[in-house]
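# Structural overview for review
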Amino acid sequence: MPDLIEKTADVPAQGATEPKPEKPRSLGSDAWHDLRRRPIFVISALLILLLIVIAVAPSLFTSVDPRAGDLRNHFLTKPNYGHFFQPDWFGYDGQGRSIYARVLYGARASVVVGICVTLGTTILGGIIGMFAGYFGGWADAVLSRITDVFFGIPLLLGALVILNAFSTRTVWSVVFAMTALGWTQMARVMRGAVITVKQQDYVTAAKALGAGTGRIMLKHILPNALAPVIVVATIALGGYIALEATLSFLGIGLQDPTISWGIDINSAQKVIREAPFALFFPAGMLSITVLAFIMLGDAVRDALDPKLR
Amino acid sequence: MGRFVIRRLLQMIPVFLGTTFLIFFMVHMLPGDPVRAMWGDKAVDPAQLASIRHNLGLDKPWYEQYLTYMGHLFQGDFGTTMGNRKVLDVITEALPVTVRLALLAFVFEIVLGVTIGLFAGLRRGKSFDKGTLILTLLLISIPVPVLGFIFQTVFATQLRWVTPTVQDSMNIGQLVLPALVLGSLSLAYVARLTRTSIVENIRADYIRTAVAKGLPRRKVIGTHLLRNSMIPVVTFLGTDLGALMGGAIVTEGIFNVKGVGNALYHAINLNEGATISGFVVVLVLVYLAASLIVDLLYAVLDPRIRYA
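Read on for a plain summary of the structure. Keep in mind the model is a prediction, meaning the values are calculated, not measured. (Residues numbered from 1 in each chain as written. Chains lettered and ligands numbered in written order. Predicted model: local features only at pLDDT ≥ 70, side-chain atom pairs only at ≥ 80, totals over all residues. Heavy atoms only, no water.)

So, about the overall build of chain B. Secondary structure summary: chain B contains 13 helices and zero strands in total. Helices and strands appear in chain B in the N-to-C order α-α-α-α-α-α-α-α-α-α-α-α-α. In terms of its C-alpha atoms, chain B occupies a principal-axis envelope of roughly 85 × 55 × 30 Å. Taking all 308 residues of chain B together, the buried fraction comes to 46%. In chain B, the share of contacts with a sequence separation of at least 24, taken over all contacts with a separation of at least 6, comes to 75%. For chain B, the computed accessible surface area is about 15400 Å², with 65% contributed by carbon and sulfur atoms. Between the centroid of the 27 positive side chains of chain B and the centroid of its 18 negative side chains there is a distance of 17 Å. (Helix = DSSP H or I, 4+ residues; strand = E, 2+ residues; numbered from the N terminus. Buried < 20%, exposed > 50% of the residue type's maximum accessible area, 1.4 Å probe, protein only. Contact = heavy atoms within 4.5 Å. Areas by Shrake-Rupley, 256 points an atom, 1.4 Å probe, with all protein chains shown as cover. Lys, Arg positive; Asp, Glu negative; His and termini not counted. Charge placed at Lys NZ, Arg CZ, Asp CG, Glu CD.)

All names here are of chain A. Where nonpolar side chains cluster on the molecular surface, the patch consists of I52, V56, I115, L119, I123, I127, F131 and F135 and spans about 720 Å² of accessible area. If you list the elements that add at least two residues to the nonpolar patch, you get α3 (39-56) and α4 (99-135). Of the residues forming the nonpolar patch, the biggest block, six residues, is contributed by α4. Structurally, V56 is set in helix α3. Relative accessible area serves as the criterion here: at 59%, V56 is assigned to the exposed category. (Patch = residues over 30% accessible without salt bridge, like charges linked within 9 Å, V, L, I, M, F, W, Y side chains within 5 Å. Salt bridge = Lys/Arg side-chain N within 4 Å of Asp/Glu carboxyl O.)

With that settled, the discussion passes to the nonpolar core. Grouped together as the largest cluster of nonpolar side chains are 160 residues, with contacts concentrated most on M178, I221 and L247 of chain A together with I276 and F279 of chain B. Once you skip the residues sitting within four places of it in the chain, I276 of chain B turns out to touch V161 of chain A together with V27, L264, A267 and I268 of chain B. One finds I198, I207, A210 and I221 of chain B within the second-largest nonpolar core, a separate group that totals seven residues. (Core = buried A, V, L, I, M, F, W, Y, C linked by side-chain atoms within 4.5 Å.)

Interfaces are often sized by the amount of accessible area the parts lose when they come together. Each side of the interface is counted separately: chain A has 36 residues, and chain B has 43 residues. Summing the contributions of chain A and of chain B, the shared interface buries around 3300 Å²; its carbon and sulfur component is 79%. Sorting the residues of chain A by area buried against chain B places V149, L157 and V161 of chain A first, and these three jointly supply 16% of that buried surface. The tally of links between chain A and chain B comes to one salt bridge. The salt bridge partner of D298 of chain A is R192 of chain B, with a shortest N-O separation of 2.8 Å. In this assembly, chain A and chain B are joined by two residue pairs in polar contact (both at pLDDT 80 or more). Among the elements of the structure, α5 (137-152), α6 (155-164), α10 (213-249), α11 (261-269) and α12 (276-304) of chain A are those that each provide at least two residues to the side of chain A that touches chain B. Among the elements that make up the side of chain A that touches chain B, the one with the highest residue count is α12 of chain A (nine residues). Along the lines of polarity and charge, the residues of the side of chain A that touches chain B split into 25 nonpolar, six polar and five charged. (Buried area = accessible area lost by both parts, 1.4 Å probe. Polar contact = N/O pair within 3.5 Å; in protein donor to acceptor, adjacent residues only side chain to side chain. Nonpolar A, V, L, I, M, F, W, Y, C, P; charged D, E, K, R; others polar.)

This is the structure we're talking about:
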């Protein structure tokens, strides 16, 4: 029994001396160190980098206008698999537009929607979760019930209702609809993390030193509660891209001047027997994109969550 | 236990009211006038328009409409569609189809997902485990519309095992393919969750004890390992049943199933506020009931969890 007491008394002393001899790596840099050696992380990061380059400057890879339909190359010309990076590489769609060019230009909408919705839900859900977790009591009860209310509406269904309100839908209306309903998961994760961190000794210490609420939240709690939020956010990003494509596929997401893989999948479904390639390429690009983000999320989770190692 | 259930039921009331309020508000914000739309391009007598609007209660402010709606709802009256059909009839026609579809998908998820996850977890690091991780990752990445077309092409057009679209929405045999597509994403999640949970628990002390006291392997895995690993899976499954019913829109569209998703899609396009609200009320009730059952299942699975 005395043995046990001695041990517990030892722990804070150890913690206090820890930072002095050679600076230990923080959770973030430790995770980064671990990540760089994972092939899955490297592959998915390179894929995402390529996608972002395509999204920013699709004209680097093709000189064809993806909206120009040329009826000479007309209706559903078969792909010419030998013609690398040429307009007819992936064939032509129902209106004589180059599928290769459309697949490239379609990346922008997906990447923008994915990143913006993830940022939006993380910030909105993060703030709500932070307040609920930190203040507890009544604030928590009210905010948690509000989260429950939004969580109770299926995301796809709610997004359909909101998007129906826009007569012309752009990338931003899709981002708005998905953010307005998608923040609940982030709020729950953040709330849980904040409640755990709030009870740590360093928060009590900061309070004892007279730090204000804002300072405690931003400087002490936020950095330490961020890891699970980052994990959920990276995995969710792939899901948001898939959801955008599903909405556009249903004809209630993005609209024609915007090029989206979902719209192309929808128009290709009508000619699936005659021209399966018209469905295959946008669907394939979409799947690879979602896969890349989910693999990245998996790798980040393994690196940030030491329990699973 | 009884007190816990009552407290949970009471907590559900504000969530139920909030969700119906939110969806009512969202539907009300939709532009376009469903009453005016009944005439199409033809000219309308404003007096006639006003009288129909008055009969439907659409001339009142929206919060008053909400109160009336809720009042009727508690008497089991879901209102009428613009075509003067009872919304309750539309719901009772579509709901059984989607309940079958969702339950079938749910069974696939539980049976296949848990079995695959269990074996992958038991053979951690072996080829079956790696194969499961890769396959589930692929299944998660392929968006549902694409997966639907792949299944439709392979099983219906190429192999001719089933018809490409569903002819009779109440026939369970024909619903198997759509249910597989609908449940595939969650199946992958269930398999992964089960695997992670099994891997975590297999090193626990109680498993060592169970093995040490000479229990047969089946019993160690069945009653000790699997039961204790089910909590995260059950949590996921609880929120998933509602999501399956709401997410059936895409699958029902591809396979021509006349269920909730189909009816909702038309209702949203036609701006049928009462129908949309009615279906959402039902979906929210399913979600609330499922989350209550999940909480009660925790206590069954883990005897350490007790509700006072």
